[in-house]
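# Architecture at a glance
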Amino acid sequence: MLGLFGSLNLASRSLSVQQEATAVAGQNLANVNNPAYARQQLNVQTSPDLQTPVGNEGTGVEAISITEARDALLDNQIQSEGSVSSSLTSQQTALQDAETYLNEQLSASSTSNLPSSDNGLTAAISNLFSAFQGVATSPGDAAAQDTLVAAAQAVTQQFNSISSGLSSVDSNINSSITSDVAGANQDLSDIATLNQQIIVATASGTTANDLVDLRQQKLEDLASKVNVDTSMQSNGALNISIRSVGLVEGGNVTNQLTTVDPGNGQLLLGSSGGSGTIPVTGGSIGGNITARDGALASLQSSLDNLAGQLSTSVNAVYEPGFSSKGATGQSFFSGTTAATISVNSSLVANPATLQYSGDGTAGDNTIALSLAQLANQNISGLNGQTFSDNYTETVGALGNAISSVNDQVTNNAAVTSMLQNQRASVSGVSTDEEMTNLVQFQKAYQASAELITTLNEMLETVISMKTV
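Report on the accompanying structure. (Residues numbered from 1 in each chain as written. Predicted model: local features only at pLDDT ≥ 70, side-chain atom pairs only at ≥ 80, totals over all residues. Heavy atoms only, no water.)

Below, the discussion takes up the overall build of the protein chain. When you go through the protein chain residue by residue, the secondary structure sums to ten helices and twelve strands. Dimensions of the protein chain, computed from C-alpha atoms along their principal axes, come out at roughly 145 × 45 × 35 Å. Here the protein chain holds 468 residues, and 41% of them are scored as buried. Sequence-distant contacts in the protein chain: of pairs separated by 6 or more residues, those separated by 24 or more amount to 66%. On the protein chain, roughly 22,100 Å² of surface is accessible, and the fraction owed to carbon and sulfur atoms is 49%. In the protein chain, 12 positive and 39 negative side-chain charges are present, and the distance between their average locations comes to 13 Å. (Helix = DSSP H or I, 4+ residues; strand = E, 2+ residues; numbered from the N terminus. Buried < 20%, exposed > 50% of the residue type's maximum accessible area, 1.4 Å probe, protein only. Contact = heavy atoms within 4.5 Å. Areas by Shrake-Rupley, 256 points an atom, 1.4 Å probe, with all protein chains shown as cover. Lys, Arg positive; Asp, Glu negative; His and termini not counted. Charge placed at Lys NZ, Arg CZ, Asp CG, Glu CD.)

The subject of this paragraph is the pairing of strand β6 (residues 238-242). Buried residues dominate β6, accounting for four of its five residues. Two elements, strand β5 (residues 229-232) and β6, share four bridges in a ladder whose sense is antiparallel. Bridge pairing links threonine 230 to isoleucine 240 in β6. Taking the residues between adjacent antiparallel strands as the criterion, β5 and β6 are bridged by five residues, where glycine 236 takes a positive phi near 95 degrees. Pairing geometry for β6 and strand β7 (residues 245-249), over three bridges, is antiparallel. What sits directly across from serine 241, in β7, is glycine 246. Between the antiparallel neighbours β6 and β7 lie two residues, among them arginine 243 with a positive phi of about 50 degrees. (Pairing = 2+ DSSP bridges.)

This part takes up the nonpolar core. With 78 residues, the main nonpolar core has Phe159, Leu257 and Phe332 as its most contacted residues. Ranked by the residues each element gives to this core, the list is headed by helix α4 (residues 142-203), at 17 residues. Every residue in contact with phenylalanine 332, bar those within four places of it in the chain, is listed here: Phe132, Leu148, Ala152, Val314, Asn315, Tyr318, Ser342, Val343, Asn344, Leu347 and Leu354. Val17, Ala21, Val24 and Val61 belong to the second-largest nonpolar core, a separate cluster that totals seven residues. (Core = buried A, V, L, I, M, F, W, Y, C linked by side-chain atoms within 4.5 Å.)

So, about the environment of aspartate 190. Position of aspartate 190 relative to the elements: it lies in helix α4. Each C-alpha atom, one on aspartate 190 and one on valine 253, is 9.5 Å from the other, the two residues being 63 residues apart in sequence. At 3.2 Å, the side chain of aspartate 190 and the side chain of lysine 218 are in polar contact. (Polar contact = N/O pair within 3.5 Å; in protein donor to acceptor, adjacent residues only side chain to side chain.)

Strands sit in the order β5-β6-β7-β8 across an open sheet of four strands; the sheet is antiparallel. Strands at the two margins of the open sheet, each flanked by one partner only, are β5 and β8 (252-253).

Attention now moves to the pattern of salt bridges. Per the counting criterion, the structure on display carries nine salt bridges. With its nearest N and O atoms 3.0 Å apart, the salt bridge here joins aspartate 213 to arginine 70. With a gap of 143 residues between them, aspartate 213 in helix α5 (residues 209-225) and arginine 70 in the loop between β4 (61-68) and α2 (72-102) connect regions that are remote in the sequence. Note that lysine 225 and aspartate 187 form a salt bridge whose closest N and O atoms lie 3.4 Å from each other. With lysine 225 in helix α5 and aspartate 187 in helix α4, the pair connects residues that are 38 residues apart, well separated along the chain. Across the pair, aspartate 187 and lysine 225 agree in class, each one buried. Within this structure, Glu68, Arg70, Asp75, Asp213, Glu220 and Arg423 form a network of salt bridges that share partners. (Salt bridge = Lys/Arg side-chain N within 4 Å of Asp/Glu carboxyl O.)

This brings us to the layout of surface pockets. Estimates place the volume of the largest pocket at around 460 Å³. Around the largest pocket sit 21 residues that line it, and Glu68, Arg70, Val212, Arg215 and Met232 are the ones nearest its centre. The set of elements that each furnish at least two residues to the lining of the largest pocket consists of α2, α4, α5 and β5. Considering every element that reaches the lining of the largest pocket, the biggest residue donor is α5, with five residues. Here the lining of the largest pocket is built from residues that sort into seven nonpolar, nine polar and five charged. Estimated volume of the second largest pocket: approximately 330 Å³. Taken together, the elements giving at least two residues each to the lining of the second largest pocket come down to α5 and α9 (387-427). (1 Å grid on protein atoms, 1.4 Å probe; cavity = no way out; pocket = protein on both sides within 12 Å on 5 of 7 lines; lining within 4 Å. Points joined across faces, edges and corners; volume = space filled by probe spheres on them. Nonpolar A, V, L, I, M, F, W, Y, C, P; charged D, E, K, R; others polar.)

Here we take up the packing of helix α3 (residues 121-137) against helix α8 (residues 366-373). Where α3 meets α8, the axes come as close as 8 Å, and the angle between the chain directions of the two elements is 155 degrees. Taken together, the axes of α3 and α8 are roughly antiparallel relative to one another. Classified by chirality, the crossing of α8 by α3 is left-handed. Each of Phe129, Phe132, Gln133, Val135 and Ala136 in α3 lies in contact with α8, whose residues at this interface are Ala368, Leu369, Leu371 and Ala372. (Axes fitted to C-alpha atoms, helices over the stretch in contact; angles between N-to-C directions. Parallel < 35°, antiparallel > 145°, perpendicular 65-115°, else oblique. Left-handed = near helix turned anticlockwise from the far one by under 90°.)

What follows deals with the packing of aromatic side chains. The final tally for this structure, using the stated rule, is five aromatic pairs. Where phenylalanine 129 meets phenylalanine 132, the ring centres are 6.0 Å apart and the plane angle is 50 degrees; that geometry is what we call tilted. A residue pair is termed a helical-turn pair when its members lie 3 or 4 positions apart in one helix, as phenylalanine 129 and phenylalanine 132 do in helix α3 at three residues. Here the two residues phenylalanine 129 and phenylalanine 132 agree in accessibility, since each one is buried. (Phe/Tyr/Trp six-rings, centres within 6.5 Å; stacked < 30°, edge-to-face > 60°.)

Turning to α8, a few remarks are in order. Looking at α8, one finds that the buried residues are Ile367, Ala368, Leu371 and Ala372. One side of α8 carries all its buried residues, which in axial view fall inside an arc of 135 degrees. Those residues of α8 hidden inside the fold are in contact with α3 and α6 (283-318). (Arc of directions from axis to C-beta.)

Next up on the list: unusual backbone geometry. The backbone of arginine 243 shows a phi angle near 50 degrees, a positive value even though the residue is not glycine. The phi torsion at serine 244 lies on the positive side, around 70 degrees, for a residue other than glycine. For serine 244, a relative accessible area of 77% corresponds to the exposed category.

A word on α2. In a regular helix each residue adds 1.5 Å, so 31 residues correspond to 45 Å; α2 covers 45 Å between its end C-alpha atoms and thus fits that length. Backbone geometry just after α2 places asparagine 103 at a positive phi near 60 degrees. (Expected span 1.5 Å × (residues − 1).)

Okay, the packing of α5 against α6 next. Between α5 and α6, whose axes approach to 2 Å, the crossing angle comes to 5 degrees. Comparing the axis directions of α5 and α6 gives the class roughly parallel. Of the residues in α6, those touching α5 at Ala223, Ser224 and Lys225 are Gly283, Ser284, Ile285 and Gly286. Within the contact of α5 with α6, the residues separate by chemical class into two nonpolar, four polar and one charged.

Given below as structure tokens:
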């Protein structure tokens, strides 16, 4: 039989267990607003029983471990969705920045009916050909010539401004990639350090719940920058890699991430242990690269081609013409890209040198009329489209890209929210539940204390019997 002293030990163990359970509940309540925290619980079991003549007699309860409520599958899904979410958000930001510099009202639903801003390139191109028509209507009129030169300058300035804006977007993306690579390397270093601590704790037979929580937070932050692959080891460490490039093994960072310039100033992702680039699609790094080398590169290329075709087509018609003084051979535009196109400086200085005539006579408008008619001509270098239609398609493509990524951001947010709610139901701390547990542990503690009081009175009785 346990006897009185054995029963005291039973009650003492019960007090200790209830006290430890209360401490765990208190820890949960203290971290109720900590998003990285996973709810902990005290695991208990019946202590070894004692064989007696009347049967096995219980010896109470003992605490065996403190575990946290984590679902590895949910954690992995949230990590993956977080990487996708960050990628889409970065793409969205980059494309919307480009939209700002276009100064156009984008219509993603119809590339053939694009609303335009009064100050955008669409209006500027239209004004240019209207100005050519104005010169054709009033050949030799100085006001019409001044209007044409001003309209041409407005077109080139729009091209220059958009190109400069897109270059700024590219520069911002490169800066963001550089910053994210630095942040990712810090996360890798922190995870390796946490791995070391978790390995030591695991080897000693203790739990490292708080360290695991912090590591998961660092991992999700890393995934928001770049998509990674993870592998859990038996010693509790988490190995990390990207496309078979090892980054963290156990407690060591085996490779750091770097930026790589392939020669065009457009930074890509690399590693300290290799000279090549790492293909990456997820995280903010992947999203920025996708936007820059995809929709934005296509937009810049289309704008350069449009500027080049406009310059070449106008010059081909204009150069054989004659001014009112009989001069010929002057170019209307110089430059063949959106960044370099400009109006001939001689023409800007003196609009009267405009070569609007086909034969040099003052009243002839052949060249001006042909230039005006370019507005409705299908240009082979623009896939058989007019200048306005080509630009409409170019801007509409950006509108479609923005609409698509907006839809994906919305859908991803819904999935992420669902996963977060599922994890909260598993790992989150419920204030009501913990308060209920506290009452339960308190009552159990009081009952154990009452048992000790009773046993103490019984011992006093026994002792008093011995002294009688």
